[in-house]
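Commentary on secondary and tertiary structure
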Amino acid sequence: MIFEFERDFAGSLRCIPMIARQKLDIVGIKMTLRQWSRLSREERGRLVEMPCDTSAGQEAYRALVLDLIAARADEPVRFLPPQTLADWREEDCMPEAVSIQARADGVPVPAPEQWARLSPLERFALIKLARSKHENENFVPALKEFGILQGER
């Protein structure tokens, strides 16, 4: 699933879409954009589509990512502590980074019931966008896409 707010840059899979970022975080691997760009279109598509929601799926996903980086990239694998953004699983506790980013962008902070209504991937995307070290123009479009700024979905 590619979100509408990322379609311009991730729809072609030239950038890492949120669904792949989430899976990479789950398996504890930080894939660089350079490493991603070295993969074939088919390999990138596989990383987007491959399930990663069971222990066996996570092991297979991690093994595939490690193999692809070793085969295609001239950079070492960078590991993350597993579940570094596990707070996307928490539907009853929105991370402070999200409210800080909303205030910085001059939009209402998502209400607790709005946060709880989001899918785990939507919560992941908002957290990732709020914690981004880059100038972030996609946080507000994501809030709109997820129905937070326009009332009900």
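This text follows the structure it describes.
Residues numbered from 1 in each chain as written. Predicted model: local features only at pLDDT ≥ 70, side-chain atom pairs only at ≥ 80, totals over all residues. Heavy atoms only, no water.

1. Brief notes about the overall build of the protein chain
Defined as follows: Here a strand is any run of E in DSSP of at least two residues, a helix any run of H or I of at least four, and the numbering for each starts at the N terminus. The globule rule used for comparison is 2.2 Å times the number of residues to the exponent 0.38, while the radius of gyration itself is calculated over C-alpha atoms. Buried residues are those whose accessible area, probed at 1.4 Å on protein chains only, stays under 20% of the maximum for their type, while exposed residues exceed 50% and partly exposed ones sit between those limits. We call two residues in contact whenever any of their non-hydrogen atoms come within 4.5 Å of each other. Only the protein chains shown count as covering a residue, and every accessible area follows the Shrake-Rupley method with a 1.4 Å probe. For this count, His and the chain ends are skipped, Lys and Arg are scored as positive, and Asp and Glu as negative. All charge positions are set by atom: Lys at NZ, Arg at CZ, Asp at CG, Glu at CD.
On a plain count of helices and strands, the protein chain comes out with nine helices and two strands. Put simply, the protein chain runs from its N terminus to its C terminus through helices and strands in the order α-α-β-α-α-α-β-α-α-α-α. Over its C-alpha trace the protein chain gives a radius of gyration of 16 Å, about what one expects of a compact globule, namely 15 Å for 153 residues. The buried share among the 153 residues of the protein chain stands at 46%. Of all intrachain contacts in the protein chain linking residues separated by at least 6 positions in sequence, the fraction that spans at least 24 positions is 62%. Here the protein chain displays about 8,200 Å² of accessible surface, and carbon together with sulfur accounts for 52% of that area. Between the mean site of the 22 positive side-chain charges and the mean site of the 24 negative ones, the protein chain shows a separation of 5 Å.

2. Side note on the packing of helix α2 (residues 18-27) against helix α4 (residues 41-49)
Spelled out, the test is: Fitting a line to C-alpha atoms yields each axis, with helices limited to the stretch in contact; the angle taken between N-to-C directions then spans 0 to 180 degrees. Roughly parallel means an angle under 35 degrees; roughly antiparallel, over 145; roughly perpendicular, 65 to 115; everything else is oblique. Put simply, Ala, Val, Leu, Ile, Met, Phe, Trp, Tyr, Cys and Pro go in the nonpolar bin, Asp, Glu, Lys and Arg in the charged bin, and everything else, Gly too, in the polar bin.
Two elements in contact, α2 and α4, have axes separated by 8 Å at closest approach and are oriented at 70°. Between α2 and α4, the angle is such that the two are roughly perpendicular. For the pair formed by α2 and α4, the contact residues are I19, A20 and K23 on the first element and L47, V48 and E49 on the second. In terms of residue class, the contact of α2 with α4 is built from four nonpolar, no polar and two charged.

3. Section: helix α8 (residues 120-130)
Most of α8 sits inside the fold, with nine of its 11 residues counted as buried. Listed as buried for α8 are L121, E122, R123, F124, A125, L126, I127, L129 and A130. For α8, the elements touching its buried residues are α2, α6 (96-104), α7 (112-117) and α9 (139-145).

4. With respect to the packing of α2 against α8
Contact geometry of α2 with α8 gives a least axis separation of 10 Å together with a crossing angle of 85°. For the element pair α2 / α8, the angle class is roughly perpendicular. Residue-level contacts link M18, I19, R21, Q22 and D25 of α2 to P120, L121, F124, A125, K128 and L129 of α8. Here the contact of α2 with α8 is composed, by residue class, of seven nonpolar, one polar and three charged.

5. As for the pattern of salt bridges
To be explicit about the condition: Salt bridge, as used here: a side-chain nitrogen of Lys or Arg that lies within 4 Å of a carboxyl oxygen of Asp or Glu.
Counting across every chain of the model gives seven salt bridges. Notably, a salt bridge pairs E75 with R34, separated by 2.9 Å at the nearest N-O pair. With E75 in the loop between α5 (55-72) and β2 (78-79) and R34 in helix α3 (residues 33-38), this pair connects stretches of sequence that are 41 residues apart. Here R131 and D87 are joined by a salt bridge, their closest N and O atoms 2.7 Å apart. Separated by 44 residues along the polypeptide, R131 in the loop between α8 and α9 and D87 in the loop between β2 and α6 bring together distant segments of the chain. Note on R131: relative accessible area 36%, which makes it partly exposed.

6. What to know about a positive patch on the surface
We count it as follows: Patch membership is restricted to residues that have no salt bridge and whose relative accessible area is over 30%. Joining uses 9 Å for like charges and 5 Å for the nonpolar side chains Val, Leu, Ile, Met, Phe, Trp and Tyr.
A cluster of like positive charges, contributed by R21, K30, R78 and K133, occupies part of the molecular surface. By secondary structure assignment, the location of K30 is in strand β1 (residues 29-30).

7. Brief notes about the packing of aromatic side chains
Let me state the cut-off plainly: Stacked, edge-to-face and tilted labels apply to pairs of Phe, Tyr and Trp rings (six-membered ring for Trp) whose centres lie within 6.5 Å, assigned for plane angles under 30 degrees, over 60, and everything in between, in that order.
Evaluation of the coordinates by the stated rule reveals four aromatic pairs. With centroids separated by 6.1 Å and ring planes inclined at 75°, the aromatic side chains of F5 and F146 adopt a geometry described as edge-to-face. Of this pair, F5 sits in the segment before α1 (7-10) while F146 sits in the segment after α9, and the two are 141 residues apart along the sequence. With a centroid separation of 6.2 Å and 85° between ring planes, the pair formed by W88 and F124 is classed as edge-to-face. In this pair, W88 sits in the loop between β2 and α6 while F124 sits in helix α8, placing the two residues 36 residues apart along the sequence. By the burial criterion, W88 is buried, and F124 matches it. Following the ring pairs from residue to residue traces out a cluster consisting of F3, F5 and F146.

Remember that the coordinates give geometry; whether it matters functionally is a separate question.
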